[in-house]
Amino acid sequence: MVVSERPWEKRNLGVESCAFYIKKDENAAECMKDLGKYQHQYQVMYIQWGNAAALKEAQKHGFIMTEMNLHLQKKLNTEVMPSIYKRYEQHLAYSIASSGEQEWLLQTIRTGKIFTTDRVAMDSHFGLECAGRRYAYWAEDVLADGATLLLMKYKEKVISFDILVGRDNETVDAILGGLLPEFEASGLGFVGLYLISQWAKGENYKKIVTNVSSNNLPILRLHELFGYGVDDLAYVLTKYL
């Protein structure tokens, strides 16, 4: 089991936090034996699929299941717009955000109106405001480290965004993205997925990876429609002291 201190969550959520990572072949009892020495207020445990013993043992120690985190990947072969969205294709475009647009987007994220299915947003200990602040800080940090912020446009109007980080010469990670609040019910969630691929191919990447929460089944189905497949899964559990 790997233990990770999360000092940034004090800034993000106002509590001390740590995380535990357990692989599918690790011994559950061995992993749990020293949990008592960690007194962080907010504890998160990630258990890789297949380790049912660890999932059961974690709940004995007060951890509660909150979501499944699905890791997806897509190989960038020939990109074809699904036929149901073909009529939109000529109206789609993306641009790299300017510094002013970046600040505007961070303020929009901070409102808490974008990531409403996030485990923090849905947690009664935190809620939408905390989730918005947490994602805004995270976005600010990764952008300061050189991540790319794409603004996705339909008929020349920005409707969504995606933040991307190159992991190596062939793989880019779509770490954060979403529709702007006013377009939440527009049916345009597919736009970002399509345009990410267009940008990534232009940058000579061969593969896109991302993570999706089980709390957001519609976006998982949309990823599958655009050629993404699940290649790993972790149960996510939380505990409060």
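Here the structure is shown first, and the text comes after it.
What you see is a predicted model; the values in this text were computed from it and never measured. (Residues numbered from 1 in each chain as written. Predicted model: local features only at pLDDT ≥ 70, side-chain atom pairs only at ≥ 80, totals over all residues. Heavy atoms only, no water.)

Q: Report on the environment of Leu179, specifying residues and quantitative values.
A: Residue position: Leu179 is located in strand E8 (residues 171-179). Taking C-alpha positions, Leu179 is 9.1 Å from Met152, a pair spaced 27 residues apart along the chain. Setting aside anything within four residues of it in sequence, one finds Leu179 in contact with Ile114, Ile159, Ser160, Glu184, Leu188 and Gly189. (Helix = DSSP H or I, 4+ residues; strand = E, 2+ residues; numbered from the N terminus. Contact = heavy atoms within 4.5 Å.)

Q: With reference to specific residues and values, describe the pattern of salt bridges.
A: Using the criterion set out here, one finds seven salt bridges in the structure. The closest approach of N and O atoms between Arg134 and Glu9, which form a salt bridge, is 3.0 Å. Of this pair, Arg134 sits in helix H5 (residues 128-144) while Glu9 sits in helix H1 (residues 8-13), placing them 125 residues apart in sequence. Summarising the burial analysis for this pair, Arg134 and Glu9 share the class buried. (Salt bridge = Lys/Arg side-chain N within 4 Å of Asp/Glu carboxyl O. Buried < 20%, exposed > 50% of the residue type's maximum accessible area, 1.4 Å probe, protein only.)

Q: An account of the sheet that holds strand E6 (residues 148-154) is needed here, citing residue identities and associated values.
A: In spatial order, the strands read E1-E2-E3-E10-E4-E9-E8-E7-E6-E5; together these 10 strands make up an open sheet with mixed pairing. Pairing within the sheet leaves two strands with one partner each, and these edge strands are strand E1 (2-5) and strand E5 (92-96). Between one strand axis and the next, the sheet turns through 25° on average, direction left out of account. Its contacts with the sheet put helix H4 (residues 99-110) on E5, E6 and strand E7 (157-166), and the angle it makes with E6 is roughly 80°. (Pairing = 2+ DSSP bridges. Axes fitted to C-alpha atoms, helices over the stretch in contact; angles between N-to-C directions.)

Q: I'd like a rundown of the side chain of Arg134, residues and numbers included.
A: Taking relative accessible area as the criterion, Arg134 reaches 14% and is therefore assigned buried. If we skip the residues at most four places from it in the chain, Arg134 touches Arg6, Glu9, Asn12, Leu13, Asp118, Arg119 and Val120.

Q: Which residues make up the environment of Gln59, and what values do they have?
A: Within the secondary structure, Gln59 sits in helix H3 (residues 52-60). Polar side-chain contacts of Gln59 include one of 3.0 Å to the backbone oxygen of Leu55. (Polar contact = N/O pair within 3.5 Å; in protein donor to acceptor, adjacent residues only side chain to side chain.)

Q: Can you lay out the packing of H4 against H5 for me, pointing to particular residues and giving the numbers?
A: It is the contact of H4 with H5, at a shortest axis distance of 7 Å, that shows an interaxial angle of 155°. As far as their axial angle goes, H5 and H4 are roughly antiparallel. Across the interface between the two elements, Gln102, Leu106, Ile109 and Arg110 from H4 touch Gly132, Arg133, Tyr135, Ala136, Ala139, Glu140 and Leu143 from H5. (Parallel < 35°, antiparallel > 145°, perpendicular 65-115°, else oblique.)

Q: Give me the lowdown on the nonpolar core, citing residues and values where you can.
A: Ile109, Phe161, Ile163, Phe190 and Phe226 are the most contacted members of the largest nonpolar core, which has 53 residues in total. By residue number, the principal contributor to this core is helix H6 (residues 190-202), which donates eight residues. The contacts of Ile163, once residues within four sequence positions are left out, are Ala139, Val142, Leu143, Ala147, Thr148, Leu149, Asp173, Ala174, Ile175 and Leu176. (Core = buried A, V, L, I, M, F, W, Y, C linked by side-chain atoms within 4.5 Å.)

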